[in-house]
Every structure is written in structure tokens, then in C-alpha cells.
Amino acid sequence: MKVATWNVNSIRTRRDHVLAFLDHATPDVLALQETKATVDQFPAQAFADAGYGAAVSGQKTYNGVAFLYRNGLEPAWVTRGFPDDEDDAPARLIAARFGPLNLVNIYLPNGSEVGSEKYDYKLAWMQRLRDWLDHEFDPEEPVALVGDFNVATEDRDVYDPDAFRDRVLFSEPEKEALEGIRAWGFSDCFRRHHDEAGLYSWWDYRMNQFRRGNGLRIDHVWGSAPAAAA
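Note that the structure is predicted; figures quoted are calculated from it, not measured.

A.B. asks: Is there a simple way to think about the environment of A152 in this case?
C.D. replies: Within the element layout of this structure, A152 appears in the loop between β8 (143-148) and α4 (161-164). Taking C-alpha positions, A152 is 13 Å from F190, a pair spaced 38 residues apart along the chain. In contact with A152, other than residues within four places in its own chain, are D157, V158, L169, F170, K175, L216, R217 and I218.

Next comes the structure, spelled out in C-alpha cells:
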């Protein structure tokens, strides 16, 4: 099964880009983050016309996560958010079972800056995710955790690690919290195939960082042992 992940930063703005990607890469499932659309606003018909169904956890203007899945691969079940979420909780988690694979798609909070209330919320959200994984799944099952984690884990994942050290996205408490999630039973599927530095998934739109090659790898694909070996 081919699974891809993409923070699209508005599905309505990037709809045609996503359609082009589906046509080019032909994933079985595409996990989307930061869709910035309610369920009613999500352009599901455009994707249906391209042969993909949609499972959406939406929110107006902010956040939002979704799956696009190839026709014939309809999920056995879909769950949205944590069980103890309030009705107006940010849409940051959606999970589903596609064939034998349990797929969890997250848009982890950014954290704003180290020491802020948003940073504390980020760390608490990460602990909630670990607790939820403990309750919902077994590491001996095929489970994949994908999405925008908003944390770079190693120096080789950051174009200037000394400049980012102790800053949000690369601070030690964030990395330790993410390691607590990885220790549930995940391995980094990307690093099973690509060992080199300088491979990034996010670039700050300011100061022409993409063209300068100044990025961070904060989007990840992790798998339990059965999923990673598949």
C-alpha cells in the first residue's frame, strides 16, 4: 500500500495541486493536514471525480485533517479526535483502517515559542497522543503514524541546527516528547530509505528560504514493526 502525507495549507487553494499529485504519484491513501475547511467546504466531489473518496475532520479557517483514499479501499472505520475532546476542539487527528493498516494522521500543534502557553499545550497534546495510542492499538499490529509533527528530531533534519537549538520545532522538550511517542513502537520509515542530511519537508515562506534550501524535516511517516516491514 502506498501512503503519502502533505500539509496542504488550505485544501481549497491547493485543490488542483493535490489532484495533479494524485495523478502523478497514484497513492492508495493521501493524508492531508491544515486543510482549513469544514466538511461542507471540502472539495470532495473533485476528488471523487478523480477516483478518490474522502474522510474529513474539518474546521473553518484553521487546522483540519483528512484522508483521500482510492476507490475500493474504503476504510473499515474512521475516528476523529481524542475521545475526551470538547465539541469545539481543534481538528488535529483522524485515524482509519485501510485494509490491514491502521493509519493515524496528525497535525501536531506548532507551539509558537518555547515557554508560551501554546508550547505547553503542544507538549500536553503529545502526551495525550501517546496515551491514546496506548489505549487504542498494539505495537504488534500494522500501525502507521503520519502527518505534520512540527518537530525536527535530529541535526541532519535542520539546515542550521545551532540557530534552531532551544527554539520551537527543535527544542529538547519537544524532541523528548516526540521520542516518547516513537518509543510506543514506531520507527522512522523515511530513514529506512534515506540516510542523508538536507532532505526537508518545510521551508519558511519568508526570506526566500525554499530557493535557498533552508528547510526542516518536520513531517514524518512512522510505522510499527509490521507496518514498517511491509
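After that view, the rundown keeps rolling.
A.B. asks: I tried to follow the sheet that holds strand β5 (residues 78-80) on my own but got confused; where do I start?
C.D. replies: Sheets are built from strands that pair by backbone hydrogen bonding, the pairs being arranged parallel or antiparallel. Ordered in space as β5-β6-β7-β8-β12-β9, the six strands form an open sheet in which the pairing is mixed. The open sheet has two edge strands with one neighbour each: β5 and β9 (186-188). For this sheet, the mean angle separating the axes of adjacent strands, direction not counted, is 20°. Here β9 runs beside strand β12 (residues 219-224); their pairing, made up of three bridges, is antiparallel. Looking at β12, one finds that S187 is bridged to G223. Relative to the sheet, helix α3 (residues 117-136) contacts β5, β6 (93-98), β7 (101-107), β8 and β9, its axis offset from that of β6 by approximately 25°. Each of β8, β9 and β12 touches helix α5 (residues 172-182); the most contacted strand, β12, lies at about 30° to it.

A.B. asks: When you look at the pattern of salt bridges in this model, what are you seeing that I'm missing?
C.D. replies: As a working rule, side chains carrying opposite charge can pair if their charged atoms are close by. Taken as a whole, this structure holds 17 salt bridges when the rule is applied. Between D84 and R128 there is a salt bridge, and its shortest N-O distance comes to 2.7 Å. A residue pair is termed long-range when its members are at least 10 positions apart, and D84 in the loop between β5 and β6 and R128 in helix α3 qualify at 44 residues. Since its relative accessible area comes to 55%, D84 is described here as exposed. The closest approach of N and O atoms between R128 and D85, which form a salt bridge, is 2.9 Å. Residue R128 is located in helix α3, and its partner D85 is located in the loop between β5 and β6; the two are separated by 43 residues in the primary sequence.

A.B. asks: Quick question: what am I supposed to make of helix α1 (residues 11-25) here?
C.D. replies: An α-helical turn contains 3.6 residues, so a residue and the one three or four places further along point in the same direction. Helix length check: α1 (15 residues) gives 18 Å between terminal C-alpha atoms against 21 Å at 1.5 Å per residue, more than 12% under. Those residues of α1 lying buried are I11, V18, L22 and A25. Check the buried side of α1 and you find it contacts β1 (3-7), β2 (29-33), α2 (44-49), β3 (52-57) and β4 (65-70).

A.B. asks: So what exactly am I meant to see when it comes to the sheet that holds β2 here?
C.D. replies: If you trace the four strands from one edge of the open sheet to the other, you get β1-β2-β4-β3, paired in mixed fashion. In the strand order of this sheet, the two ends are held by β1 and β3, each with one partner. Averaged over neighbouring strand pairs, the angle between their axes works out to 15° when direction is ignored. As paired strands, β2 and β4 are joined by five bridges and run antiparallel to one another. Looking at the pairing, Q33 lines up with V65 of β4.

A.B. asks: Help me understand the packing of α3 against α5, please; the structure alone is not making it clear to me.
C.D. replies: Packed helices, taken two at a time, are described by the angle their axes make and the gap between the axes. The N-to-C vectors of α3 and α5 enclose an angle of 10°; their axes lie 9 Å apart at closest approach. It follows from the interaxial angle that α3 and α5 lie roughly parallel. Across from Y119, K122, L123, M126, L129, R130 and L133 in α3, the residues of α5 making contact are P173, E174, A177, L178, G180 and I181. Here the residues of the contact of α3 with α5 sort into nine nonpolar, one polar and three charged.

A.B. asks: What's the story with the packing of aromatic side chains in this structure? I'm lost.
C.D. replies: Here a ring pair, both rings aromatic, is described through the centre-centre distance and the interplanar angle of the planes. On inspection of all chains with the given rule, the structure shows 13 aromatic pairs. Relative to F21, the ring of W6 lies with its centre 5.7 Å away and its plane at 65°, an arrangement referred to as edge-to-face. Residue W6 is found in strand β1, and its partner F21 is found in helix α1; the two are separated by 15 residues along the sequence. Given the relative accessible area of 28%, F21 is considered partly exposed.

Thresholds, definitions, all that
- Residues numbered from 1 in each chain as written.
- Predicted model: local features only at pLDDT ≥ 70, side-chain atom pairs only at ≥ 80, totals over all residues.
- Heavy atoms only, no water.
- Helix = DSSP H or I, 4+ residues; strand = E, 2+ residues; numbered from the N terminus.
- Contact = heavy atoms within 4.5 Å.
- Pairing = 2+ DSSP bridges.
- Axes fitted to C-alpha atoms, helices over the stretch in contact; angles between N-to-C directions.
- Salt bridge = Lys/Arg side-chain N within 4 Å of Asp/Glu carboxyl O.
- Buried < 20%, exposed > 50% of the residue type's maximum accessible area, 1.4 Å probe, protein only.
- Expected span 1.5 Å × (residues − 1).
- Parallel < 35°, antiparallel > 145°, perpendicular 65-115°, else oblique.
- Nonpolar A, V, L, I, M, F, W, Y, C, P; charged D, E, K, R; others polar.
- Phe/Tyr/Trp six-rings, centres within 6.5 Å; stacked < 30°, edge-to-face > 60°.

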